[in-house]
Amino acid sequence: ISTGLAMCYAGARTETAQQLKETLLSPSNRSLDENKILELFSSYLTTVNTSLANRHVQISSAYKLFSEMCFQVSDEYVQLLQKRFGSDLERVDFGDAAGSARRINSWVAEQTCRKIKELIEPSALSSLTRLVLINAIYFKASWQTAFNTYLTSREEFTLSDGVTRIRVDTMKMRDV
């Protein structure tokens, strides 16, 4: 999340930039200039995507900016996103909410080894949408302490509406 905020910070100015800076950094680091802040978060993203590679862990964090076809995004900002965050800008027609959602979801599915297929609903987009910043994270690793699958049982689960209850496979384990 913080890298996405840093990407927003990179494009912000004046009061918005100051508010994002206060959100991103501890008080002791708020004196850092914009370049140092972007370097810090760029370095963080690189570390996340590479540091665990030798530990039988797969992790990748990818960011992409989707922009309305006619919305002006400065070339300087796009180049900064590519350089610092490996992020691209893709232009879509948010007036075609279903098509735009399909395109965004397709990108997310590619980034997450098809584990996340529907991140955004067409209803979240409209002809008034100008920019959408998407973050996709894929993480796969073995548990430090493996779970005994025989301990899985069917339990009642209440959905977010607070009323609907369904039965789902549930794992339980006491402290190891």
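Residues numbered from 1 in each chain as written. Predicted model: local features only at pLDDT ≥ 70, side-chain atom pairs only at ≥ 80, totals over all residues. Heavy atoms only, no water.

S.K.: Tell me about the confidence of the model for the protein chain, residues and numbers included.
M.R.: Confidence along the protein chain averages 89 in pLDDT terms, with 95% of residues attaining 70 or more. In the model of the protein chain, helix α3 (residues 34–50) stands out as the element of lowest mean pLDDT, 80, in contrast to helix α5 (residues 97–111), which has the highest, 97. (pLDDT = per-residue confidence, 0-100. Helix = DSSP H or I, 4+ residues; strand = E, 2+ residues; numbered from the N terminus.)

S.K.: Kindly report on the pairing of strand β4 (residues 153–158), identifying the contributing residues and their values.
M.R.: Two strands pair when backbone bridges link them, and β4 and strand β5 (residues 165–170) are joined in this way by six bridges, in the antiparallel orientation. Paired with Phe157 across the strands is Ile166, a residue of β5. Hairpin connection of β4 to β5: six residues between the antiparallel strands, including Gly162 at a positive phi of 80°. (Pairing = 2+ DSSP bridges.)

S.K.: Would you mind going over the sheet that holds strand β3 (residues 131–140) in detail, with residue names and values included?
M.R.: The mixed open sheet is built from three strands, whose spatial order is β2-β1-β3. Edge positions in the sheet fall to β2 (88–92) and β3, since each has one partner strand and no second. Between one strand axis and the next, the sheet turns through 30° on average, direction left out of account. Bridge count between strand β1 (residues 58–68) and β3: ten bridges; the pairing is antiparallel. Residue pairing in the sheet places Leu65 in a bridge with Leu133 of β3. (Axes fitted to C-alpha atoms, helices over the stretch in contact; angles between N-to-C directions.)

S.K.: Any chance you could break down a positive patch on the surface for me, citing the residues and the numbers?
M.R.: Together, Arg114, Lys115, Lys117 and Lys140 make up a positively charged patch on the protein surface. Position of Lys115 among the secondary structure elements: in the loop between α5 and β3. Exposure remark for Lys115: the relative accessible area of 65% places this residue in the exposed category. (Patch = residues over 30% accessible without salt bridge, like charges linked within 9 Å, V, L, I, M, F, W, Y side chains within 5 Å. Areas by Shrake-Rupley, 256 points an atom, 1.4 Å probe, with all protein chains shown as cover. Salt bridge = Lys/Arg side-chain N within 4 Å of Asp/Glu carboxyl O. Lys, Arg positive; Asp, Glu negative; His and termini not counted. Charge placed at Lys NZ, Arg CZ, Asp CG, Glu CD. Buried < 20%, exposed > 50% of the residue type's maximum accessible area, 1.4 Å probe, protein only.)

S.K.: I'd like to hear about the pattern of salt bridges, residue by residue, with values.
M.R.: Counted according to the given criterion, the structure contains five salt bridges. One salt bridge connects Glu90 with Lys64, and the closest N-O pair in it is separated by 2.8 Å. Of this pair, Glu90 sits in strand β2 while Lys64 sits in strand β1, placing them 26 residues apart in sequence. When its relative accessible area of 17% is taken as the criterion, Glu90 is described as buried. Via salt bridges that share partners, Lys64, Glu90 and Arg103 belong to a single interconnected network.

S.K.: Mind laying out the environment of Arg30, listing which residues take part and the relevant values?
M.R.: Mapping Arg30 onto the fold places it in the loop between α2 (14–24) and α3. Along the sequence, Arg30 and Gln18 sit twelve residues apart, while their C-alpha atoms lie 9.3 Å from each other. For Arg30, the side chain forms a polar contact with the main-chain oxygen of Glu22, separated by 2.9 Å. (Polar contact = N/O pair within 3.5 Å; in protein donor to acceptor, adjacent residues only side chain to side chain.)

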